[in-house]
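# Reading the structure
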Amino acid sequence: MAGRGAAAPPLFGAAAAGSLAVCAVQLGLAWALGRRLGGRCAPADRWVLGWLCYDVLVHCTLEGPFVYLSLIGTVAESDNIFASLWKEYGRADARWLYSDPTIVSLEILTVVLDGLLALILIYAIIKDKYYRHFIQITLCVCELYGGWMTFCPDWLIGSPNLNTSNWLYLWVYLVFFNGIWVVLPGLLLWQSWLGLKQMHHEKSNTRKKIR
């Protein structure tokens, strides 16, 4: 990621502090909700439910408003609490300020499809449904694809929209807040792989006993 753009304003101003506080509150709510919903689930699945609750909260309360603002205008032209959050992130990636078609298209898909899949997956885990891993794999692939298409087009043209002039923009906004949508879906894919492998072995062993 090549660092370009205007010189960064002082770090941890009111906008940066407010944005990070909102993320912390969302994470706390998601964790509490995940623990409550997963009271009878295995420990690993309680962690998964916490992540999925955070996933849904972000899609509904942050990315949903971004899509709306981008369809009626741009974040840069808007003046409300949601716009202020995205303006702060836009200091690191300018495409979020000016309704970049690729970003808006991906976010529409993310809010509608990924949000719905996350809700279905929460239900499937709690109720121990047979389609749990199918939904989990589908959701993870969608999120990994979204991350790739968010950054790959900009990388291919030299990252003109990314500002990596300081550690806050690079390591917190760009790497951390996007990296979690790569690492955690990757871990959930691994969990599904192990779950499906175990089910296959159990089915094979049952057949052998019957014979």
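Please read all numbers here as calculations on a predicted model, not as lab measurements.

### A closer look at the side chain of D154
Counting through the fold element by element, D154 comes out in helix 5 (residues 132–156). Buried charge D154 goes without a salt bridge, the closest partner of opposite sign being R95 at 4.3 Å. Setting aside anything within four residues of it in sequence, one finds D154 in contact with R95, S159, P160, N161 and L162.

### Regarding the layout of surface pockets
A volume near 770 Å³ is recorded for the largest pocket. Surrounding the largest pocket, 36 residues form its lining, E63, Y89, F177, N178 and W181 being those nearest its centre. For the lining of the largest pocket, the secondary structure elements donating two or more residues are helix 1 (14–37), helix 2 (43–72), helix 3 (81–90), helix 4 (101–126), helix 5 and helix 6 (167–210). If one sorts the elements of the lining of the largest pocket by residue count, helix 6 sits on top with nine residues. Each residue belonging to the lining of the largest pocket can be placed in one class, and the counts come to 23 nonpolar, eight polar and five charged. Of the pockets and cavities examined, the second largest pocket occupies roughly 420 Å³. Lining the second largest pocket are 17 residues, with L27, W47, G50, W51 and L184 positioned closest to its centre. The set of elements that each furnish at least two residues to the lining of the second largest pocket consists of helix 1, helix 2 and helix 6. By residue number, the principal contributor to the lining of the second largest pocket is helix 6, which donates seven residues.

### Some thoughts on the nonpolar core
L52, F66 and Y173 are the most contacted members of the largest nonpolar core, which has 45 residues in total. For this core, the secondary structure elements donating two or more residues are helix 1, helix 2, helix 3, helix 4, helix 5 and helix 6. Of all the elements, helix 2 adds the most residues to this core, at twelve residues.

Conventions used here
Residues numbered from 1 in each chain as written. Predicted model: local features only at pLDDT ≥ 70, side-chain atom pairs only at ≥ 80, totals over all residues. Heavy atoms only, no water. Helix = DSSP H or I, 4+ residues; strand = E, 2+ residues; numbered from the N terminus. Buried < 20%, exposed > 50% of the residue type's maximum accessible area, 1.4 Å probe, protein only. Lys, Arg positive; Asp, Glu negative; His and termini not counted. Salt bridge = Lys/Arg side-chain N within 4 Å of Asp/Glu carboxyl O. Contact = heavy atoms within 4.5 Å. 1 Å grid on protein atoms, 1.4 Å probe; cavity = no way out; pocket = protein on both sides within 12 Å on 5 of 7 lines; lining within 4 Å. Points joined across faces, edges and corners; volume = space filled by probe spheres on them. Nonpolar A, V, L, I, M, F, W, Y, C, P; charged D, E, K, R; others polar. Core = buried A, V, L, I, M, F, W, Y, C linked by side-chain atoms within 4.5 Å.

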